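Structural characterization, general
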Amino acid sequence: MSHSDSVTSCFTEHFQSQPQFLATAPGRVEVIGNHTDYNQGPVIGAAIDKGVSVALRRIDERAFRFASSDFPFVETNDSSSKQNGDDAWANYPLGVYNALIRRGLQQSGGFEIAVKSDVPSGAGLSSSAALELASAKAFCAAYELELSDKELAIACREAENEFVGVPCGILDQGVSAFGKTGHLVHIDCREIEFSTIPLGSEYSIWIFNTHQKHSLVESMYATRHEECFEAVKQLESLGLDISYLADITPQQFEAHKDRLSPNVRKRAEHVVCEIERVKQVCALLAEGKVSEVGGLLFDSHESSRTLFENSIEELDYLVSILKSMPEVIGARLTGGGFGGAAMALAGEAFTQSYAQSVASAYRGRFGEEPDVLHCQVSEGARLLSIS
Ligand code: GLA
């Protein structure tokens, strides 16, 4: 069943009527640029061919209804209040609705929205950003609000920071908004500039989802965020005029790092060197040297493991096996870390049977197989036509 058919049937099943607008947005992988986004560095991601679709209908009554095949039904008549507990999933579309009101959306009545996802949740593939972007596209169409994709990505990040309460950067929303088939998305997080880099349709992304998730993953992400800003504070107190870790070169960092407190030094070293790695990947891609970026992806993972300490044993194991396979260009953990999935960038030489051998080796070590997902690099958020 196509995305539009399955989300339409989810809508009609819950609301016994036809939706007026359909939209879809992809999940993403972080290709390189780990925790660089909120430090104002660059990052490269890819939109994948798994995403979230929404179906929307405006109604006269002041009621806001949210349906999904995966989460409980939510209804409220106060669109400005956060939902709690099992209903908290509705905060993504609700947060976006509120962010769009601040950008000129004229409220009247309410709406009904149905959500259908084929992004595995908990894999670090940003199903939440996909839900935000798909909702944003549908709201803009339904309320005749004209905003650029850049404004939509910013509004969706604002929803996640302020309404949902996660201090994420712009990576997830930016890639979901700007994805392009066969292209990577580059984000300059300081200027908030998005561009696409041709990858070539022979390359694809393999995801190995460990299903492991640190129980404190949200607070660990927030702690890393704080440690990065603590590093800036400590570097400022040493006389450096910086506001973000992206303001310092690796050479300047090297000259000052020994005077930072130990954990803060490690976190900052990861970010400062990762920013350099993203620049090197960009330079290689600009020359079409896709097969040469692998070493930088493996270095990024090693830095996560030893400096940022956002990897886990299962991800380290996956990356070490993938590194031993010549058919793999590069592999690393993807996204925030502390669990989730490893990604591998590979050409056509890497096939399902190679992926299966990785999964079997993993089972030999940890007792169960990771989910293997083969993803093509795909289009960003868009409206779908109603059939
Ligand atoms: C999560 C966040 C992103 C980014 C990555 C780490 O995916 O949502 O903004 O910080 O972690 O690079």
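Remember, it's a predicted structure, so these values are computed and weren't measured experimentally.

Overview of the domain arrangement of the chain
- Annotation of the chain at the domain level lists domain 1 (3-198) and domain 2 (204-375).
- Computed over C-alpha atoms only, the centres of domain 1 and domain 2 are separated by 25 Å.
- Between domain 1 and domain 2, the contact holds 32 residues from the first and 39 residues from the second.
- Carbon and sulfur atoms supply 68% of the area buried between domain 1 and domain 2, which totals about 2,900 Å² over both sides.
- Here Arg332 and Glu30 are joined by a salt bridge, their closest N and O atoms 2.7 Å apart.
- Of all the elements in the fold, those that place two or more residues in the side of domain 1 that touches domain 2 are strand 1 (21-32), strand 2 (42-59) and strand 6 (183-188).
- Examining the composition of the side of domain 1 that touches domain 2, we find that 6 residues originate from one element, strand 2, more than from any other.
- Looking at the side of domain 1 that touches domain 2, its residues break down into 15 nonpolar, 11 polar and 6 charged.

Quick look at the sheet that holds strand 10 (residues 339-346)
- The strand order 9-10-8-11 describes an open sheet built from 4 strands, whose pairing is antiparallel. Of all strands in the sheet, those bounded by a partner on one side alone are strand 9 (328-333) and strand 11 (371-375). Taken pair by pair, the neighbouring strands of this sheet meet at an average axis angle of 20°, ignoring direction.
- In the packing of helix 9 (residues 294-308) onto the sheet, contacts are made with strand 9 and strand 10, and the angle to strand 9 comes to roughly 20°.

Some points on the nonpolar core
- Counting residues in each nonpolar core, the largest one holds 81 residues, and the members touching the most others are Ile44, Leu100, Phe139 and Leu345.
- Of all the elements, helix 3 (residues 127-142) adds the most residues to this core, at 9 residues.
- Non-local contacts of Leu345, meaning those with residues more than four positions away in its chain, are made with Leu199, Tyr203, Ser204, Ile205, Val290, Val293, Leu297, Val328, Ile329 and Gly330.
- By size, the runner-up hydrophobic cluster in this structure holds 21 residues, among which are Tyr317, Met325, Val328 and Leu333.

Calculation criteria
- Residues numbered from 1 in each chain as written.
- Predicted model: local features only at pLDDT ≥ 70, side-chain atom pairs only at ≥ 80, totals over all residues.
- Heavy atoms only, no water.
- Domains from an automatic or database assignment.
- Contact = heavy atoms within 4.5 Å.
- Buried area = accessible area lost by both parts, 1.4 Å probe.
- Salt bridge = Lys/Arg side-chain N within 4 Å of Asp/Glu carboxyl O.
- Helix = DSSP H or I, 4+ residues; strand = E, 2+ residues; numbered from the N terminus.
- Nonpolar A, V, L, I, M, F, W, Y, C, P; charged D, E, K, R; others polar.
- Pairing = 2+ DSSP bridges.
- Axes fitted to C-alpha atoms, helices over the stretch in contact; angles between N-to-C directions.
- Core = buried A, V, L, I, M, F, W, Y, C linked by side-chain atoms within 4.5 Å.
- Buried < 20%, exposed > 50% of the residue type's maximum accessible area, 1.4 Å probe, protein only.

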